[in-house]
Amino acid sequence: MPLGAFAAVAAQVAVSVSVIHGHGCCHDLKLTNLLSMGDNIVRLGDLGTAGASISHNLGIGTRGHMAPEQCGGAPGSLRMAARVAWAELSEQLGVKHDYRPADVWALGVTWLSALLPDEQVVEVIIAARGVVGGHRKRRSRSMPAPLARLPADLAELIWGGMLVPQRVFGKRRLTIEQVKAHTFFSGVDWRAVEAQEVPLPVDLRPQAAVAAIACV
């Protein structure tokens, strides 16, 4: 996607995520769940895996887009089963959880997928997870090289605010409202975007048609 059009498209997607989060739900965010309608407005579709943000989303989503806290073990493994059992028990005991931050990670991956080649997206994700040689290491503070292709404020938003491990202590991942308030989106009239009054500077319909044919 051309960088000149990306901010406007990303703003529409951010509004969709904000609305879903405002209703206490989570989603499976990825490029193929973004719909370009006849009015050239981007909408979020495929709510089949959407669920309440207080219910665990361990192992639920698309591999490669899931946040680190969703992937603590291979699907079907004893480790993952133990994590799911503990999450379900804590929910039954009334412990309050909020799994919406996982959507912010997936949104960062989705935006990268719209801007960079697949192999570079994978490089950034691996670096963000702190995985070296198949083993979890301390995450590097320096940005991966592919992010240098992006505007500095966008790279900082994705690397420093969205693709951030969700730790109990220390720096935490941004919420979708904090993402919208980032300097990358300075000047955006969010009320107008939500009211669908801001036309996109690019016609996404031809690209959507090509993508639809490729998926058949």
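Preceding block: the structure.
Please read all numbers here as calculations on a predicted model, not as lab measurements.

### Quick look at the pattern of salt bridges
1) Next: Per the counting criterion, the structure on display carries four salt bridges.
2) Next: Where K180 meets E177, a salt bridge forms, and the shortest distance between an N and an O atom there is 3.4 Å. Here the residue K180 and the residue E177 both occupy positions in helix α6 (residues 176–180), the gap between them amounting to three residues, near one helical turn.
3) Next: Judged by relative accessible area, which is 13%, K180 ranks as buried.
4) Next: In this structure E177 comes out as partly exposed when scored by relative accessible area, which is 43%.

### Brief notes about the environment of N40
1) Next: Checked against the element boundaries, N40 lands in the loop between β2 (34–36) and β3 (42–44).
2) Next: For the pair N40 and V202, spaced 162 residues apart in the sequence, the C-alpha separation amounts to 8.6 Å.
3) Next: Not counting residues within four places of it along the chain, the set of residues in contact with N40 comprises L200, V202, D203, L204 and R205.
4) Next: Side-chain polar atoms of N40 contact the backbone oxygen of V202, separated by 2.9 Å.
5) Next: Looking at N40, its side chain comes within polar contact range of the main-chain nitrogen of L204, at 3.0 Å.

### Topic: the packing of helix α3 (residues 101–115) against helix α5 (residues 152–162)
1) Next: Interaxial distance between α3 and α5 falls to 10 Å at its minimum, and their mutual angle equals 150°. When the axes of α3 and α5 are compared, the pair comes out roughly antiparallel. In this structure, α3 meets α5 at a crossing whose hand is left-handed. The segment α3 lies against α5, with V104, W105, L107, G108, W111, L112 and L115 engaging L154, L157, I158 and M162.
2) Next: When the residues that make up the contact of α3 with α5 are grouped by side-chain class, the tally is ten nonpolar, one polar and no charged.

### Here's the deal with unusual backbone geometry
1) Next: Its identity is not glycine, yet N40 carries a phi of approximately 60°, on the positive side.
2) Next: Exposure remark for N40: the relative accessible area of 12% places this residue in the buried category.
3) Next: Although it is not a glycine, Q196 sits at a positive phi angle of roughly 60°.
4) Next: On the secondary structure map, Q196 appears in the loop between α7 (190–194) and α8 (205–215).
5) Next: Taking the relative accessible area as the measure of exposure, Q196 reaches 43% and is therefore partly exposed.

### A short note on the packing of aromatic side chains
1) Next: A full pass over the atoms with the stated rule returns five aromatic pairs.
2) Next: Relative to F185, the ring of F184 has its centre 5.0 Å away and its plane inclined at 75°; by these criteria the two rings are edge-to-face. Considered together, F184 and F185 belong to a single accessibility category, that of buried residues.
3) Next: Where F185 meets W190, the ring centres are 5.3 Å apart and the plane angle is 65°; that geometry is what we call edge-to-face. Taken individually, F185 and W190 each receive the classification buried, so the pair is uniform in this respect.
4) Next: An aromatic cluster is defined as three or more aromatic residues linked by ring pairs; in this entry it consists of F6, W111, F184, F185 and W190.
5) Next: Over the face of the ring belonging to W190 we find K180, whose NZ or CZ atom lies 5.0 Å from the ring centre.

Cut-offs and rules
Residues numbered from 1 in each chain as written. Predicted model: local features only at pLDDT ≥ 70, side-chain atom pairs only at ≥ 80, totals over all residues. Heavy atoms only, no water. Salt bridge = Lys/Arg side-chain N within 4 Å of Asp/Glu carboxyl O. Helix = DSSP H or I, 4+ residues; strand = E, 2+ residues; numbered from the N terminus. Buried < 20%, exposed > 50% of the residue type's maximum accessible area, 1.4 Å probe, protein only. Contact = heavy atoms within 4.5 Å. Polar contact = N/O pair within 3.5 Å; in protein donor to acceptor, adjacent residues only side chain to side chain. Axes fitted to C-alpha atoms, helices over the stretch in contact; angles between N-to-C directions. Parallel < 35°, antiparallel > 145°, perpendicular 65-115°, else oblique. Left-handed = near helix turned anticlockwise from the far one by under 90°. Nonpolar A, V, L, I, M, F, W, Y, C, P; charged D, E, K, R; others polar. Phe/Tyr/Trp six-rings, centres within 6.5 Å; stacked < 30°, edge-to-face > 60°. Lys NZ or Arg CZ within 6 Å of the ring centre and 35° of its normal.

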